[in-house]
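Each chain is listed here by its residues.
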Amino acid sequence: MLWYGHLYMGEKARKHRFSIIRNIRRGAFCPGIYVITPPSNGNNILDIYPAYMLSMRSCRKEELRIMGIADGYQEALILAGTIVSEMYERTGRFCLEEFLAERRNKVR
């Protein structure tokens, strides 16, 4: 699993960010925690998964990039909306690759 350099955190998740990230890295069960990743297919802008899915064999084979962490599905929806809104503001489009490239260039 890969971690996005500018990890987005929901308000509730931010309070426990260190223990949540540690548990996700260890593959521990994280009830109620959701991760936001780039889409697994070309039809979506982002995907939202329960964190426990990251410990499953099928997900371990893939190199998922975690862009955001939320505590609860509602917070995950709000956080995904924040990412998409920021993407549109910066690029004028709903293109994740362009958004990530723009963020990388800005940091350098």
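As a starting point, this report considers the structure included with it. Just so it is clear, the model here is predicted, and its values are computed rather than measured. Here, residues in each chain are numbered from 1, in the same order as that chain's written sequence. Reporting of local features is limited, given that this is a predicted model, to residues whose pLDDT is at least 70; pairs of side-chain atoms are given and counted only at 80 or more, and all residues count toward the totals for whole chains, interfaces and linings. Hydrogens and water molecules were not included; the side-chain quantities draw on all heavy atoms of the structure.

### Thoughts on the overall build of the protein chain
Secondary structure elements are defined from DSSP: runs of H or I of at least 4 residues count as helices, runs of E of at least 2 residues count as strands, and each element is numbered from the N terminus. Looking only at helices and strands, one finds 5 helices and 4 strands in the protein chain. Along the protein chain, from the amino end to the carboxyl end, the secondary structure elements read β-α-α-β-β-α-β-α-α. Here the protein chain has roughly 6,800 Å² of accessible surface; of this, 51% comes from carbon and sulfur atoms. Where accessible areas are quoted, they stem from the Shrake-Rupley method and a 1.4 Å probe; at the residue level, only the protein chains shown are allowed to cover.

### Notes on the packing of aromatic side chains
The relative placement of two aromatic rings is captured by the distance of their centres and the angle of their planes. Pairing of aromatic rings covers Phe, Tyr and the six-membered ring of Trp, with a centre-to-centre limit of 6.5 Å; geometry is then stacked below 30 degrees between planes, edge-to-face above 60, and tilted otherwise. Under the defined criterion, the tally for this structure stands at 4 aromatic pairs. Residues Tyr 4 and Tyr 8 carry aromatic rings whose centres are separated by 6.3 Å and whose planes lie at 5° to one another, so their mutual orientation is stacked.

### Re helix 4 (residues 73-91)
With 19 residues, helix 4 extends 27 Å between its outermost C-alpha atoms, agreeing within 8% with the 27 Å of an ideal straight helix rising 1.5 Å per residue. Along helix 4, the residues classified as buried are Glu 75, Ala 76, Leu 79, Ala 80, Ile 83, Val 84, Glu 86, Met 87 and Thr 91. Just beyond helix 4, the residue with positive phi is Gly 92, at close to 75°. A helix is expected to reach a length of 1.5 Å times the quantity of its residues less one. Type-normalised accessible area, obtained with a 1.4 Å probe on protein chains alone, sets the label of each residue: buried when under 20%, exposed when over 50%, and partly exposed for intermediate values.

### Considerations on the sheet that holds strand 4 (residues 65-71)
Taken in spatial order, the 4 strands line up as 1-4-2-3 in an open sheet, and their pairing is mixed. Both outer strands of the open sheet, strand 1 (2-9) and strand 3 (47-50), are each paired with one neighbouring strand and no more. If you compare each strand with its neighbour and ignore which way they point, the axes differ by 30° on average. Strands strand 1, strand 2 (33-37) and strand 4 of the sheet are contacted by helix 2 (residues 17-26), whose axis makes an angle of about 150° with strand 1. Against the sheet, helix 4 touches strand 1, strand 2, strand 3 and strand 4, its axis set at about 135° to strand 4. Any two strands with at least two DSSP-identified bridges between them are counted as paired. Comment: axis = line fitted to C-alpha atoms, over the contacting stretch for helices; angle = value between 0 and 180 degrees taken between N-to-C directions. Note on contacts: a residue pair is in contact if any heavy atoms of the two residues lie within 4.5 Å.

Any link to function would need more than the numbers given here.
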